[in-house]
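Chains, contacts and geometry: an overview
Listed here are the chains, written in short residue letters.
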Amino acid sequence: MTFAIAFPHIFRRFTATPNRVFESQLIREYSWALSMDANRLKVVNGMDAFLMQEGSVREDENVIGNAGGISTLPLYHQPVLTSEVLHYLQPEKDKIFLDGTLGGGGHSESLLNAGADVIALDQDVEALNYARTRLSGFGERFTAHQKNFREFPEVLKSAGISGVDGMLLDIGVSSHQLNDPARGFSFMHDGPLDMRMNSSEGRTAADIINEDSVEELERILREYGEEWSFRRIVKAIAERREIKAFSSTKDLVDVVSSVMPRHGKVNPATLTFQALRIAVNDELAAFTDFMNLVPRWLNPGGRVVVISFHSLEDRIAKQSLLRFSTEWNDRPEWPEPRRNPEYSMRLLTRKPVEATAAEIKNNTRARSAKLRAAEKSI
Ligand SMILES: C[S@@+](CC[C@H](N)C(=O)[O-])C[C@H]1O[C@@H](n2cnc3c(N)ncnc32)[C@H](O)[C@@H]1O
């Protein structure tokens, strides 16, 4: 029996076989992206899947015949706020976009499907491998590079590009990174205490925990984790590393749990892990560097969209965009307001845009996502 499966902006046809099981999460994501009414979806033969019968394809959608064409790639990451990203970036043919956080390529795919070309970056080679496979059908319209997004001008310069029509950052870690114990990002799985997004360079979380001074560890937990109990946790870490060096995520979870009570479902090591991840990947400085470069590299009318997942990141997004969109600065000691030399953008979001209840229901990660956008105006 032939069905059509919904992807953002395209439908692919495939033949269902009785024992074929599709990832319900993947299907749900795509159905959400199309804002399809739940009763247009069907659970077929008790399979854990939602399939649309061919006859129910919307007439205004482009149907791409692709026999057996469902992707066999496992779900890498479910992107958040996809329709909001498209709303603010306005991708179309002959526009070129920079996706600084390629991940599983979900956002890039939506931009490509809308006709735009995409230059994408990720510092994680696993993301690049996955997304290159997923997006291979777009040919030269899609290129991907292993780079930190703070270094994006190098990539644009070497491609002979002097400005782009849009930029997207969807920061943080992907579900794939979080769920792979070998990457050491999660307190939920035991694995090496690593946390590097680029596994081939820099210090691991274990290096920091085992080598840095007590004062530095306290600073990391206080500033990057906003962890109130930073002193108590670092004291326990320092005592433990005198006896035996940390090597696994479980080592760290056990030590933090030994001095921190558990509150409800929240793991006591949550903020410690967040803080270390930020330190290992120098996340806040990389994001600040990126934001400072945005106005120079946007074409007139070009737009930037940033999605962040905690208050430290959102503060950087908010303050940078406010700086670029404020025409006049004033201080009590100045006789009169002065024109802001950085003024070059128009704010498109006064308040951060958040996910709808429907999206959060399908993707709990969307709960803490905050999107901000601005346009290059001069
Ligand atoms: C939340 S995921 C992005 C998901 C993506 N938008 C999608 O649709 O699948 C974040 C990705 O950004 C990458 N990343 C985070 N910080 C980075 C940086 N400074 N430079 C380059 N890549 C970075 C991570 O390796 C991860 O793959």
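So, a few notes on the structure that sits alongside this text.

Basis of the calculations
Residues numbered from 1 in each chain as written. Predicted model: local features only at pLDDT ≥ 70, side-chain atom pairs only at ≥ 80, totals over all residues. Helix = DSSP H or I, 4+ residues; strand = E, 2+ residues; numbered from the N terminus. Buried ≥ 20, exposed ≤ 12 C-beta atoms within 10 Å, placed from the backbone. Contact = placed C-beta atoms within 7 Å. Axes fitted to C-alpha atoms, helices over the stretch in contact; angles between N-to-C directions. Parallel < 35°, antiparallel > 145°, perpendicular 65-115°, else oblique. Left-handed = near helix turned anticlockwise from the far one by under 90°. Nonpolar A, V, L, I, M, F, W, Y, C, P; charged D, E, K, R; others polar. Near = placed C-beta within 6 Å. Pairing = 2+ DSSP bridges. Right-handed = clockwise from strand over helix to strand, strands pointing away.

Check the secondary structure of the chain and you find 14 helices and 14 strands. The buried share among the 378 residues of the chain stands at 41%. Contacts spanning at least 24 positions in sequence make up 66% of the contacts within the chain whose residues lie at least 6 apart.

Axis angle and axis distance: for two packed helices, these are the angle between their axes and the distance between the axes, and together they describe the pair. In the contact formed by helix α8 (residues 214-225) and helix α9 (residues 230-243), the axes pass within 9 Å of each other and the chain directions differ by 140 degrees. Classed by the angle they form, the pair α8 and α9 counts as oblique. Crossing handedness for the pair α8 and α9: right-handed. Across the interface between the two elements, V214, L217, E218, L221 and R222 from α8 touch F230, R231, I233, V234, I237 and A238 from α9. Here the residues of the contact of α8 with α9 sort into eight nonpolar, no polar and three charged.

Turning next to the site of the ligand. As a matter of local geometry, the ligand sits amid 23 residues, with P79, T101, G103, G104 and G106 nearest to it. Going through the elements one at a time, α3 (106-113) and β7 (117-122) are the ones with two or more residues in the shell around the ligand. In terms of residue class, the shell around the ligand is built from eight nonpolar, eleven polar and four charged.

A separate point is the pairing of strand β14 (residues 370-376). Residues in a regular strand project their side chains so that they alternate between the two faces of the sheet. Burial runs high along β14: six of the seven residues are buried. For strand β10 (residues 298-308) and β14, the ladder comprises six bridges, and the chain directions are antiparallel. Bridge assignment links V306 to a residue of β14, and that residue is R372. Sheet topology note: the strand β13 (residues 345-347)/β14 ladder contains three bridges and is antiparallel. Counterpart to R346 in the pairing with β14 is E375.

The buried fraction of β7 amounts to five of the six residues, a majority that puts the element mostly inside the structure. Two strands pair when backbone bridges link them, and strand β6 (residues 96-99) and β7 are joined in this way by four bridges, in the parallel orientation. Paired with L98 across the bridge in β7 is I119. As for the winding sense of the linkage, the β-α-β connection from β6 through α3 to β7 is right-handed. Inspection of the sheet shows β7 paired to strand β8 (residues 142-146) by five bridges, in the parallel sense. Residue pairing for β8: A120 is matched across the bridge by A144. Considered for its hand, the β-α-β crossover made up of β7, helix α4 (residues 125-134) and β8 is right-handed.

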